[in-house]
Structures are given as structure tokens and as C-alpha cells.
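Letter by letter, the chains look like this.
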Amino acid sequence: AIAYAIFDYVRYTGDERYLVDYGLEVLIGIARFWSQRVNWSGEKGKYVMLGVTGPNEYENNVNNNWYTNYIARWCLEYAIEVARRVKELAPAKYRALADRIHFREEKETAKAREIIANLHLPESEERGIFLQQDGFLDKEQLTVKDLAPGDRPLNQKWSWDRILRSVFIKQADVLQGLYFFEDDFDEETLRRNYEFYEPRTVHESSLSPCVHAILAAKLGLQEKAYEFYLRTSRLDLDDYNNDTEDGCHITSMAGTWMAVVKGFGGMRVRDGRVHLAPFCPAQWESFAFNVRFRGHLLNVKATQREVTIGNASPQPLTLVVFDHDLTVPGNESATVAMPVVDKA
């Protein structure tokens, strides 16, 4: 997640000097950890990662958690990419760093590439889904609808042994990976995994509803997106998980912002440009948010009929709205009609 945070920061800001001065050293350190954390399985003919805990805190000491293996592989790829980029941008600083941390580029990169090409990622071809970990389908395949109201929240009603053996997921796990790396997969892959894992997720973590809200919005499931927005925004107000006496969930506060901006606003940054694909929930007349992007201050307002982007900066900005380029002049605004969509 730290490696991804570095990637996300640079993606949004374009600040590649951060990679030169700080980021590459951290990425090499993390990549070195993953390189020694895997081992070769003669039975599978793959590298595997044993005894880990993925995002789902209702599982521990599992083998080949899909999210962990996928993000570890990505981290190795990103570290190689950033090393190449820093070498181009600041060769002297690159050499100084390599000398100081004893980075043996050729040897370490070759090992990383071997792992990248051969790391086991569990999946079910029959169901067309990625498996949360090896053996996940050995569990009794219940859904949250099978739980009695008196069983919730599980961590206050069930023994830890019973939770570990159950299929129930505390927070986004496979879906956390699909949220991070959505552009790696087609929409049907995202949908199949969402439809399998969401019904098994109890959302007994403040980290969970916002990720599901964003994925639901991307898949056109607007009512579900709004349902998860309410769960993240009202988590403490309604004490969903019977734990507000312990304090407020700051993560849920951040999740509320994410559900609005990335979910309802459909905001992404790709190839150095802001992408927007907003919809206004049926329960609302409008919503608006401000976001600063590389020196531009943008105001995005969505109604049921249109979206207006204001550029409160002197320089024009070209962004992508509903997959079409839109240039907003400095200190002006532009309005685009909402497309007709199925609000399933």
C-alpha cells in the first residue's frame, strides 16, 4: 500500500522529482522484501506466498492471498519502472543511491522479473473469479443474507475460530485489488468478482463501504453505490458496528469523500489528465466538490441533467468527461449534458 501511495501521489501531481529524492529508495526496499517473501513451489511450478494476512481481517495465516500476491507483483514491476525513470532523470543521484544501498540492478531486476513472470495468482476458471486465497471455495458458501440479525457484528457475537472458518469477509479484499488496478481488467471481470464477493462481505470495517461504493458506481449500480455511501458516511452516526463508543472512524470520513468524488463523480487520473464520469444519485438534486489538480482549482457540480466544471485558475485545462475531451478556459466553466444510463 505504501508503494501504491507513492504511485498515486506521482500520478496525481506529476511530481517525478519525488521519485528521485525519496520514492525510489522506498520502492527498492519494499521490492526487496517481496523478493525474499516468496518461495518456489515445485508442486505448482510457481512462486507462492505463504502465511499472510490480506486486507480481510477475518482471515489470517492464509496462503496466496490474491490481493497480496497481485500488489506484490505490481510493486516489483513499478520499482523496475521507477529505477529506469530515475536513471534517466538524474543519473548521478541514481548512482549515488545505488552505491549507498548496495542496489545490484542487474541481479535484483532479473530476480524480480522471474517472480513477476511466475507468481501464483489463485482463481476459479469455472466461476470466472479471482480467489481470495487458496482454498477459499472449500468454505461453506453462505452469503450475508443467511446470517441472523443477532449474529451481527460477527466480531462481537462469534468466536474467533468460527469467524476464521466462515466465508464472511470483513472488508474489501479481492475487490480492494480491483479498485486499485481497475484498468487492468475488463468490466465483466470486475462485475463477476463484485457479484461474488460483495454478498459475502459484512462491511464490519470502516475501510469497506467506500471501496464498494466506487466499484458499484463504475459498474452502473447507482442504488448500491448510494447505499454504500450512506454506510460510510453514517457509520458512526448510526453506530452500524456497535463500536462508536471506542471513538470515531477517521477512515470512514475519508471514505465518504472518496464515495462522492471517485464514486458519484467518477474522478480518475489517467495519462496525466483528469477523467470525470459523474452521476447524481436519485435521492439528490445536485452535489458539488472542489479538487486541485496540478495548479488548477476545479469545481465540479452535477445535477440530474448536467455536469458543470469550473476552472478557477488562469490557465485552461483539458480533461476527459464521459470519455470525451473537454477544454475549460481559465476562470471559466463548461457544461456537459448527463448521458442516459440505466440506474439499476
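Look a little higher up for the structure.
This report concerns the structure included in the present document. Note that the coordinates shown come from a computational prediction; the quantities given were computed from them, not determined experimentally.

1. Quick notes on the overall build of the protein chain
Part 1 of the argument: Scanning the protein chain from terminus to terminus reveals twelve helices and twelve strands.
Part 2 of the argument: Expressed along its principal axes, the backbone C-alpha trace of the protein chain runs to roughly 60 × 60 × 40 Å.
Part 3 of the argument: Within the protein chain, the proportion of its 344 residues that are buried is 52%.
Part 4 of the argument: Of the contacts made within the protein chain by residues no fewer than 6 positions apart, 59% connect residues no fewer than 24 positions apart.
Part 5 of the argument: A total of about 17000 Å² of accessible surface is found on the protein chain, and carbon and sulfur atoms cover 50% of it.
Part 6 of the argument: Across the protein chain, the centroid of the 41 positively charged side chains sits 4 Å from that of the 50 negatively charged ones.

2. Let's talk about the environment of Arg-270
Part 1 of the argument: Relative to the helices and strands, Arg-270 is located in strand β5 (residues 268–270).
Part 2 of the argument: When the C-alpha positions of Arg-270 and Val-320 are compared, they lie 9.5 Å apart, and in sequence the two are 50 residues distant.
Part 3 of the argument: Residues contacting Arg-270, with those up to four places away along its chain left out, are Glu-182, Asp-183, Lys-218 and His-275.
Part 4 of the argument: Separated by 2.9 Å, the side chains of Arg-270 and Asp-183 make a polar contact.

3. So, the packing of aromatic side chains
Part 1 of the argument: Here the structure, examined in full by the defined rule, presents 36 aromatic pairs.
Part 2 of the argument: Aromatic side chains Phe-136 and Phe-196 sit 6.3 Å apart centroid to centroid with 70° between the ring planes, which places their arrangement in the edge-to-face category. Of this pair, Phe-136 sits in the loop between β4 (129–130) and α6 (154–157) while Phe-196 is found in helix α9 (residues 187–197), placing the two residues 60 residues apart along the sequence.
Part 3 of the argument: Classification of Phe-136 as buried rests on a relative accessible area of 0%.
Part 4 of the argument: Residue classification places Phe-196 among the buried residues on the basis of a relative accessible area of 7%.
Part 5 of the argument: With centroids separated by 5.6 Å and ring planes inclined at 35°, the aromatic side chains of Tyr-179 and Phe-180 adopt a geometry described as tilted. Summarising the burial analysis for this pair, Tyr-179 and Phe-180 share the class buried.
Part 6 of the argument: Three or more aromatic residues joined by ring pairs make a cluster, and in this case those are Tyr-4, Phe-7, Trp-66, Tyr-67, Tyr-70, Trp-74, Tyr-78, Phe-130, Tyr-179, Phe-180, Phe-181 and Phe-185.
Part 7 of the argument: A cation over a ring is seen here: Arg-162 above Trp-158, with NZ or CZ 3.8 Å from the ring centre.

4. Focus: the pairing of strand β10 (residues 317–321)
Part 1 of the argument: Taken across its five residues, β10 has four buried, putting it largely inside the fold.
Part 2 of the argument: The sheet contact formed by strand β6 (residues 273–276) and β10 spans two bridges and is parallel. Bridge pairing links His-275 to Val-320 in β10.
Part 3 of the argument: Sheet analysis places β10 next to strand β11 (residues 324–328), joined by five bridges and oriented antiparallel.

5. Concerning the pattern of salt bridges
Part 1 of the argument: Summed over all chains, the structure comprises 21 salt bridges.
Part 2 of the argument: Measuring nitrogen to oxygen at the nearest pair gives 2.6 Å for the salt bridge that ties Asp-8 to Arg-11. With a gap of three residues between them, Asp-8 and Arg-11 both fall in helix α1 (residues 2–13), about one helical turn apart.
Part 3 of the argument: Two residues, Glu-204 and Arg-152, come together in a salt bridge whose shortest N-O distance is 2.9 Å. Linking Glu-204 in the loop between α9 and α10 (208–218) with Arg-152 in the loop between β4 and α6, this pair joins segments that are 52 residues apart in sequence.
Part 4 of the argument: Here the salt bridges do not stand alone but share partners, grouping Glu-16, Arg-84, Arg-85 and Glu-88 into one network.

6. Quick notes on the sheet that holds β11
Part 1 of the argument: Read from one edge of the open sheet, four strands run β5-β6-β10-β11, paired in mixed fashion. In the strand order of this sheet, the two ends are held by β5 and β11, each with one partner. Averaged over all adjacent pairs, the angle separating strand axes in this sheet is 35°, with direction ignored.
Part 2 of the argument: As judged from the three bridges shared by β5 and β6, these two strands associate in the antiparallel manner. Within the sheet, the bridge partner assigned to Arg-270 lies in β6 and is Arg-273.

About the cut-offs
Residues numbered from 1 in each chain as written. Predicted model: local features only at pLDDT ≥ 70, side-chain atom pairs only at ≥ 80, totals over all residues. Heavy atoms only, no water. Helix = DSSP H or I, 4+ residues; strand = E, 2+ residues; numbered from the N terminus. Buried < 20%, exposed > 50% of the residue type's maximum accessible area, 1.4 Å probe, protein only. Contact = heavy atoms within 4.5 Å. Areas by Shrake-Rupley, 256 points an atom, 1.4 Å probe, with all protein chains shown as cover. Lys, Arg positive; Asp, Glu negative; His and termini not counted. Charge placed at Lys NZ, Arg CZ, Asp CG, Glu CD. Polar contact = N/O pair within 3.5 Å; in protein donor to acceptor, adjacent residues only side chain to side chain. Phe/Tyr/Trp six-rings, centres within 6.5 Å; stacked < 30°, edge-to-face > 60°. Lys NZ or Arg CZ within 6 Å of the ring centre and 35° of its normal. Pairing = 2+ DSSP bridges. Salt bridge = Lys/Arg side-chain N within 4 Å of Asp/Glu carboxyl O. Axes fitted to C-alpha atoms, helices over the stretch in contact; angles between N-to-C directions.

So yeah, pure geometry; function would need other evidence.
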